[in-house]
Amino acid sequence: MSLITFELNRPMDFIGLGRLCIDLNANEIHRPMEETRTFTKYVGGSPANITIAIARLGLKAGFIGRVSDDQHGRFITHYLEKEGIDTTSVTTDRSGSVTGLAFTEIKSPTDCSILMYRDNVADLKLEPGDVREEYIRQAKAIMISGTALAKSPSREAVFKAVDLARKHNVVVFFDIDYRPWTWTSRDETGIYCSLVAEKSDVILGGREEFDLLEAPFGPLRQDDRLTAERWFAHHAKIVLVKHGGDGSVAFTKDGQSFTGTTFPANVVKTFGAGDSFAGAFIYGLMNGWDIARSQQFGAASASIVVSSHSCSDAMPTAEQIQAVIDKHGSK
Ligand SMILES: Nc1ncnc2c1ncn2[C@@H]1O[C@H](COP(=O)(O)OP(=O)(O)O)[C@@H](O)[C@H]1O
Ligand SMILES: O=C(O)C[C@@H](O)[C@H](O)C(=O)COP(=O)(O)O
């Protein structure tokens, strides 16, 4: 029997919840941001990127979020619609908030960083009233971004969404998605993210992100298996720890573990790896594939996106991902 069960008779496959933002990716790469003059604009925000990845793979996706009441908000909503993503739960925030911006610096293929502008951002204005029970219960899965817990009222909206998902057997994916901007302290992050991780079916994060969740509660053990066991004592069935260019390790509640490798890439920049991986990994699980095959699909997708200039725009189709696997052989 499979570890997680998706309610197959639901019309919507996947709902993303969290930030809808803009990435401004440096055009003049291999130089510091101080010397960068031009940027290309893309839809961004990790949960947006993952939802776009899933829609590109052919699943029916929707989004719960807030956008600013201006040109940037409309740009994002139109982009989601063009990708076939349902935006009926994307609310326009009229409080005077702005769209979050992520400026990316690409100094070298291995030295990339992000500078986020996150003051008074629309995504964190998401309200519990924006989370509708009838919307959640018609979906097979929902994915929560940890950053949506950074402030109220978005924080309460997340807890409502998770409880409704659990009530209606909607599989809860939790991507820790730690972004230091907008959080007050690391303890605050660790404690709130832990509360959602406890209620989630599948948890994804990097080693340092999992450490952040463990830090408020005791000495760091920095051991992937012990991390997974912590969450298996709650509700989780799958815990996936991402290790950048070293691949990933997935643990399942029945005691198995799977080491995922990587595919060769012409790396332009490192960001976007996690989002493309997550989209393709979730797609695999939703197709009923085993963990190892889903992990391989995620890694192949990530190899495409790190070889591209953007995150959202570069999300590949299933055929493109399969072509990478066929070219390099199963890992
Ligand atoms: N340089 C790389 N070359 C090829 N694949 C990569 C590279 N970096 C990351 N990946 C793939 O993307 C996955 C997620 O990357 P990671 O950097 O850990 O996520 P995040 O972007 O969330 O920090 C990895 O497990 C790996 O499969
Ligand atoms: O998440 C953001 O707000 C910025 C993203 O759009 C950005 O492109 C990025 O950092 C991707 O994150 P990753 O996949 O975890 O590297």
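Residues numbered from 1 in each chain as written. Chains lettered and ligands numbered in written order. Predicted model: local features only at pLDDT ≥ 70, side-chain atom pairs only at ≥ 80, totals over all residues. Heavy atoms only, no water.

Within an unreviewed UniProt entry, the label attached to the chain reads 5-dehydro-2-deoxygluconokinase, and the organism entered is Paenibacillus allorhizosphaerae. Looking at the Pathway (unreviewed entry) heading of the UniProt record, one finds this comment for the chain: "Polyol metabolism; myo-inositol degradation into acetyl-CoA; acetyl-CoA from myo-inositol: step 5/7." According to its UniProt record, the chain has this under Function (unreviewed entry): "Catalyzes the phosphorylation of 5-dehydro-2-deoxy-D-gluconate (2-deoxy-5-keto-D-gluconate or DKG) to 6-phospho-5-dehydro-2-deoxy-D-gluconate (DKGP)." (UniProt positions renumbered as here; feature names shortened; annotations may be inferred.)

A.B. asks: Could you clarify how one ought to interpret the pairing of strand E7 (residues 112–117) in this entry?
C.D. replies: Remark: a regular strand shows side chains that alternate across the two faces of the sheet. Two strands pair when backbone bridges link them, and strand E6 (residues 101–106) and E7 are joined in this way by six bridges, in the antiparallel orientation. In the strand pairing of E7, Thr 104 is matched with Ile 114. Joining the antiparallel neighbours E6 and E7 is a turn of five residues. (Pairing = 2+ DSSP bridges. Helix = DSSP H or I, 4+ residues; strand = E, 2+ residues; numbered from the N terminus.)

A.B. asks: Quick question: what am I supposed to make of the site of ligand 1 here?
C.D. replies: Around ligand 1 there are 16 residues in total, and Lys 242, Gly 244, Gly 247, Gly 274 and Ala 302 lie nearest to it. A distance of 2.9 Å is found between an oxygen atom of ligand 1 and a side-chain nitrogen or oxygen belonging to Lys 242. Here Gly 274 contributes a backbone N or O atom positioned 2.9 Å from an oxygen atom of ligand 1. The fraction of the free accessible surface of ligand 1 (560 Å²) that becomes covered by protein chains is 78%. Residue assignment for the shell around ligand 1 shows that the elements contributing at least two residues are helix H8 (273–286) and helix H9 (291–305). Of all the elements, H8 adds the most residues to the shell around ligand 1, at three residues. (Near = heavy atom within 4 Å. Polar contact = N/O pair within 3.5 Å; in protein donor to acceptor, adjacent residues only side chain to side chain. Areas by Shrake-Rupley, 256 points an atom, 1.4 Å probe, with all protein chains shown as cover.)

A.B. asks: When you look at a nonpolar patch on the surface in this model, what are you seeing that I'm missing?
C.D. replies: A contiguous nonpolar surface patch, about 270 Å² in accessible area, is contributed by Ile 191, Leu 195 and Phe 217. Take Phe 217: it is sitting in the loop between helix H6 (207–214) and helix H7 (224–232). (Patch = residues over 30% accessible without salt bridge, like charges linked within 9 Å, V, L, I, M, F, W, Y side chains within 5 Å. Salt bridge = Lys/Arg side-chain N within 4 Å of Asp/Glu carboxyl O.)

A.B. asks: Can you help me understand the state of the cysteines in this one?
C.D. replies: Note on terminology: disulfide describes a covalent bond linking the sulfur atoms of two cysteines. Inspection of the entire model under this criterion finds zero disulfides. Cysteine Cys 311 is unpaired, with the sulfur of Cys 112 as its nearest cysteine sulfur at 10 Å. (Disulfide = S-S within 2.5 Å.)

A.B. asks: Looking at this structure, I do not really get the nonpolar core. What am I missing?
C.D. replies: Ranked by size, the top nonpolar core spans 58 residues in total, and within it Phe 173 and Phe 297 carry the most contacts. For this core, the element with the most residues is H8, which contributes eight residues. For Phe 173, the residues in contact, after removing those within four places along its chain, are Phe 6, Ala 141, Ile 142, Met 143, Ile 144, Val 202, Leu 204, Ile 282 and Leu 285. Ranked by size, the runner-up nonpolar core spans 42 residues in total, among them Ile 15, Val 196, Leu 212 and Leu 213. (Core = buried A, V, L, I, M, F, W, Y, C linked by side-chain atoms within 4.5 Å. Buried < 20%, exposed > 50% of the residue type's maximum accessible area, 1.4 Å probe, protein only. Contact = heavy atoms within 4.5 Å.)

A.B. asks: Help me understand the site of ligand 2 in this model?
C.D. replies: Taken together, 15 residues surround ligand 2, and among them Arg 19, Asp 23, Ser 46, Gly 272 and Asp 275 come closest. Within the contact set of ligand 2, an oxygen atom lies 2.8 Å away from a backbone nitrogen or oxygen of Gly 272. Taking Asp 275, its main chain carries an N or O atom lying 2.9 Å from an oxygen atom of ligand 2. Those elements that provide at least two residues to the shell around ligand 2 are helix H1 (46–56), E7 and H8. Broken down by element, the residue count for the shell around ligand 2 peaks at three residues, all from H8. Of the residues that constitute the shell around ligand 2, the class distribution is five nonpolar, six polar and four charged. (Nonpolar A, V, L, I, M, F, W, Y, C, P; charged D, E, K, R; others polar.)

A.B. asks: Would you explain helix H2 (residues 71–82) in this entry?
C.D. replies: Since one α-helical turn is 3.6 residues long, residues separated by three or four positions face the same way. With 12 residues, H2 extends 16 Å from end C-alpha to end C-alpha; this agrees with the ideal 16 Å at 1.5 Å per step. Where H2 is buried, its residues contact strand E2 (21–26), strand E3 (39–44), H1, strand E4 (61–68) and strand E5 (90–93). N-cap assignment for H2: the residue whose side-chain oxygen lies 3.1 Å from the backbone N of His 72 is Asp 70. At the C-terminal side of H2, Gly 84 shows a positive phi close to 80°. (Expected span 1.5 Å × (residues − 1).)

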